[in-house]
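Structure at a glance
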Amino acid sequence: MAEIKLAADVRSSFGKGAARSIRRENKVPAVIYGHGTEPVHVTLPGHELHLALRTANVLLSLDIDGKTELAIPKAVQRDAIKGYLVHVDLLLVKKGEKVTVEVAVETEGDLAPGSFLVENVLNTLSVEAEATHIPTSVTVSIQGLEAGAAIHAKDIKLPAGTTLATDPEAVVIQILAAQAEEPAAETEAAEGAEA
């Protein structure tokens, strides 16, 4: 995982009015906390932060008054209608430190021939990984599976240095048989013939 460098400006004004004026300048208010330190309130460049947050669990290298800090997004607030960034909470991390994060579960391969459906019971897995080596996703093969098959969290191969934090017995993906419905016209004709 690559580090994305952002310049952070320490802010001293707070409240709705201050946050609105920060966003008008195409910046995003944020707070950085962790490791028992006092929270630091900063502003981050809006466009660069928006692009960085497209990557799940992105590692940010923040330049705060000449000092570099590593952080990962903990909570991202977006406007419900327009989708722009409203506020971001960042968690300080150190190289070599283990963090628990959610990673996306992706599937690959084709099911066995027939009418089967894939149900993603869990879309993400909670894993523990080194802060500088967080996987963006995990891939699960569904090649040749039939109805009744299930993939549990313990069955998923994780990248080196990553351990499972989700319940190992949790069902992540299950394969279901597609259920066919009778066409409405045939049902009505059959009912009419019986009468």
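Scroll up for the structure.
Quick caveat: nothing in here was measured; it's all calculated off a predicted structure.

A word on the pairing of strand S4 (residues 59-64)
- Of all 6 residues in S4, 5 are buried; the element is thus mostly enclosed.
- Two strands pair when backbone bridges link them, and strand S1 (residues 3-10) and S4 are joined in this way by 6 bridges, in the parallel orientation. From the neighbouring strand, Ile4 faces S4, where its bridge partner is Leu60.
- In this antiparallel pair of consecutive strands, S4 and strand S5 (residues 67-78), the connection spans 2 residues, and Asp65 shows a positive phi of 50°.

Comments concerning the sheet that holds S1
- Reading around the circumference, S1-S3-S2-S6-S5-S4 is the order of the 6 strands in this closed barrel, with mixed pairing throughout. Strand-to-strand twist across the sheet, computed as the mean angle between neighbouring axes with direction ignored, equals 45°.

Some thoughts on the sheet that holds strand S10 (residues 137-141)
- Taking strand neighbours across the sheet as the criterion, the 4 strands line up as S10-S7-S9-S12 in an open arrangement whose pairing is mixed. The open sheet has two edge strands, S10 and strand S12 (163-164), and neither has a second partner.

Quick look at the environment of Lys154
- Locating Lys154 in the fold gives a position in the loop between strand S11 (150-152) and S12.
- Owing to a relative accessible area of 47%, Lys154 belongs among the partly exposed residues under this scheme.
- A sequence separation of 16 residues divides Lys154 from Ala170, and the C-alpha atoms of the two residues are 8.0 Å apart.
- Setting aside residues no more than four positions away along its own chain, Lys154 makes contact with Leu164, Pro168 and Glu169.

About the thresholds
Residues numbered from 1 in each chain as written. Predicted model: local features only at pLDDT ≥ 70, side-chain atom pairs only at ≥ 80, totals over all residues. Heavy atoms only, no water. Buried < 20%, exposed > 50% of the residue type's maximum accessible area, 1.4 Å probe, protein only. Helix = DSSP H or I, 4+ residues; strand = E, 2+ residues; numbered from the N terminus. Pairing = 2+ DSSP bridges. Axes fitted to C-alpha atoms, helices over the stretch in contact; angles between N-to-C directions. Contact = heavy atoms within 4.5 Å.

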